[in-house]
Number of protein chains: 2
Amino acid sequence: MLKRLPRVVREQQMLDAAVQVFSKHGFHAASMDEIAEVAGISKPMVYAYLGTKDELFVACLHREATRLMEAVAAGVLPAARPDEQLWHGLRAFFTFVGAHRDGWRVLYRQARSEPHFAGELAGMRARIVEVVAGLLESAATAAEVPGRPGDFTAMAYAYVGAAESLADWLADHEEEDPDHTATRMMNFVWVGADSLLQGRVWRA
Amino acid sequence: MLKRLPRVVREQQMLDAAVQVFSKHGFHAASMDEIAEVAGISKPMVYAYLGTKDELFVACLHREATRLMEAVAAGVLPAARPDEQLWHGLRAFFTFVGAHRDGWRVLYRQARSEPHFAGELAGMRARIVEVVAGLLESAATAAEVPGRPGDFTAMAYAYVGAAESLADWLADHEEEDPDHTATRMMNFVWVGADSLLQGRVWRA
DNA sequence: GCGTAACCTTACGCACGAGTAGGTAAGGTG
DNA sequence: CACCTTACCTACTCGTGCGTAAGGTTACGC
């Protein structure tokens, strides 16, 4: 209204607004008009800078995903023991989600449920899953417990899914402490995985 | 076109079509016209029998949720050991999801991401979570390991989330065997939970 | 001080899709 | 056969929201 701001600043404001509105109403129910209004700008500006609704959504996805990845990468200590590595990663992950609940909702819920964007997200998740699967496999070979490659991937998928679910829960519970959530997850994953990796198997 | 069918039959056809279309496009992107077309009927019939789009979606939710609950309940043996109980429940669960992938997508992905229906689904999930939390707690007290009530709920949330994630994965992988998925989940959950319930705890 | 480029607006076209009005025909019941 | 109820349709209205055309305003280089 009063100030004419440079492009980069406006773009960030728009993305902030878009994440907020997408998070609140979902992709389809969110209107470009509302996003423009929340950003304090008129609609054609959004089209001029970020393109169509689809492109805007993908831009949100990418920004939030990048931030998440960076936050986790910054928290990891590459030389640590596997469990320490996992612990720091989880801590960074839940801390980030706790601090960016709207972003998480866009990233996880919306992107996942809109068939058009599911692929976009699936790729990112697949990379994470493979990283986790790699950790599991190296831990297993170190402990001299064999296993087929596909099993590690499926296991990793379950772990990542559990973390996502807890993160999703965290996003809806303002009062919950991210560190507490990370500790729960750590107990859940590691103590279980530890036993598994020592060769214990449950049978029907 | 050729046959005039009784109401109950048409209603089921419409629900089948609705689940299919909602699953394919998502709630908002799905059109009543397409649902009507897939059902082999005209649009006003859908409104006459199942009501508005929202009501139709809720009807889908309820039918699929009921079928799922019944399938799981039918698979459970009430007098069995906790792990046997869990195993049969999981097996029934994954078998059902494998056989009704469209239904699962409506139930889990769409209902969850549409803020308007999230509450509807959250209630159903909350009941399941409390059941699982109850099983965990009784298993823990039997093993004389204490724990705050909230911890069991959070743990249950993680387990349910892991199961949902695996089910979601199963829904997208036509070639995956439900029994195999259930076995993975069982190893994942029980071996971990078992250790946890014996009092083992991971610390930073 | 004046062009010009970047910023920003109002005001619309247009398509799509939810929901409805009003009418037709089939089959049962007296 | 007259009737009524139930199944079913075509053909609309109308709101909403994406995307755009065309024009105004500020900053900044020269």
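Residues numbered from 1 in each chain as written. Chains lettered and ligands numbered in written order. Predicted model: local features only at pLDDT ≥ 70, side-chain atom pairs only at ≥ 80, totals over all residues.

Labelled according to an unreviewed UniProt entry, chain A appears under the name TetR/AcrR family transcriptional regulator, originating from Dactylosporangium maewongense.

Summing up its helical and strand segments, chain A has 9 helices and 0 strands in all. Secondary structure elements of chain A, listed N to C terminal, follow the sequence α-α-α-α-α-α-α-α-α. The buried share among the 204 residues of chain A stands at 41%. In chain A, 63% of the contacts between residues at least 6 apart in sequence involve partners at least 24 apart. (Helix = DSSP H or I, 4+ residues; strand = E, 2+ residues; numbered from the N terminus. Buried ≥ 20, exposed ≤ 12 C-beta atoms within 10 Å, placed from the backbone. Contact = placed C-beta atoms within 7 Å.)

This part is about the UniProt feature "domain: HTH tetR-type" (unreviewed entry) in chain A. Annotation from UniProt places "domain: HTH tetR-type" (unreviewed entry) at residues 8-68 of chain A. As annotated, residues 8-68 of chain A comprises 82% helix and 0% strand, and the C-alpha atoms at either end are separated by 21 Å. (UniProt positions renumbered as here; feature names shortened; annotations may be inferred.)

Further remarks concern the environment of B:Ala18. All names here are of chain B. Following the sequence through the fold, Ala18 ends up in helix 1 (residues 7-25). The class of Ala18 is buried, set by 26 C-beta atoms lying within 10 Å. For Ala18, the contacting residues outside a window of four places in its chain are Ile35, Leu56 and Cys60.

Moving on: the protein's contact with DNA strand D. DNA strand D sits among 20 residues. The nearest are A:Met32, A:Lys53, B:Arg7, B:Ser42 and B:Pro44. Mapped onto the surface near DNA strand D, the elements with two or more residues apiece are helix 2 (32-39) and helix 3 (43-50) of chain A together with helix 1 and helix 3 (43-50) of chain B. Each residue belonging to the surface near DNA strand D can be placed in one class, and the counts come to 9 nonpolar, 3 polar and 8 charged. (Near = placed C-beta within 6 Å. Nonpolar A, V, L, I, M, F, W, Y, C, P; charged D, E, K, R; others polar.)

To continue, consider the packing of helix 4 (residues 53-75) of chain B against helix 6 (residues 101-113) of chain B. Residue and element names in this part refer to chain B. For the pair helix 4 and helix 6, the least separation of the axes is 9 Å and the interaxial angle reads 120°. The pairing of helix 4 with helix 6 is recorded here as oblique in orientation. Helix 4 and helix 6 meet at a crossing whose hand is left-handed. For the pair helix 4 and helix 6, the contacting residues are Cys60, Leu61, Glu64 and Ala65 in the first and Gly103, Val106, Leu107 and Ala111 in the second. Here the contact of helix 4 with helix 6 is composed, by residue class, of 6 nonpolar, 1 polar and 1 charged. (Axes fitted to C-alpha atoms, helices over the stretch in contact; angles between N-to-C directions. Parallel < 35°, antiparallel > 145°, perpendicular 65-115°, else oblique. Left-handed = near helix turned anticlockwise from the far one by under 90°.)

What follows covers the protein's contact with DNA strand C. Around DNA strand C, the surrounding shell holds 19 residues, and the nearest of these are A:Arg7, A:Ser42, B:Met32, B:Thr52 and B:Lys53. Along the lines of polarity and charge, the residues of the surface near DNA strand C split into 8 nonpolar, 3 polar and 8 charged.

This brings us to helix 4 of chain B. Taking 1.5 Å per residue, 23 residues should reach 33 Å; helix 4 of chain B reaches 33 Å between its end C-alpha atoms and fits that length. For helix 4 of chain B, the secondary structure elements touched by its buried residues are helix 1, helix 3, helix 5 (82-99), helix 6 and helix 7 (115-142) of chain B. (Expected span 1.5 Å × (residues − 1).)

Another aspect to go through is the UniProt feature "DNA-binding region" (unreviewed entry) in chain A. Under the feature "DNA-binding region" (unreviewed entry), the UniProt entry names residues 31-50 of chain A. End C-alpha atoms of residues 31-50 of chain A are separated by 15 Å, and the span's content is 80% helix alongside 0% strand.

With respect to the secondary-structure elements, A:Val58 resides in helix 4 (residues 53-75). Considered as a pair, A:Val58 and A:Leu121 are 63 residues apart in the sequence and their alpha carbons are 9.8 Å apart.

Mapped onto the secondary structure, B:Arg67 falls in helix 4. Residues B:Arg67 and B:Val97 lie 30 residues apart in sequence; the distance between their C-alpha atoms is 10 Å.

The predicted model of chain A has a mean per-residue pLDDT of 83, with 89% of residues at 70 or higher. Mean pLDDT across the elements of chain A bottoms out in helix 9 (residues 178-197) of chain A (76) and peaks in helix 2 of chain A (94). (pLDDT = per-residue confidence, 0-100.)

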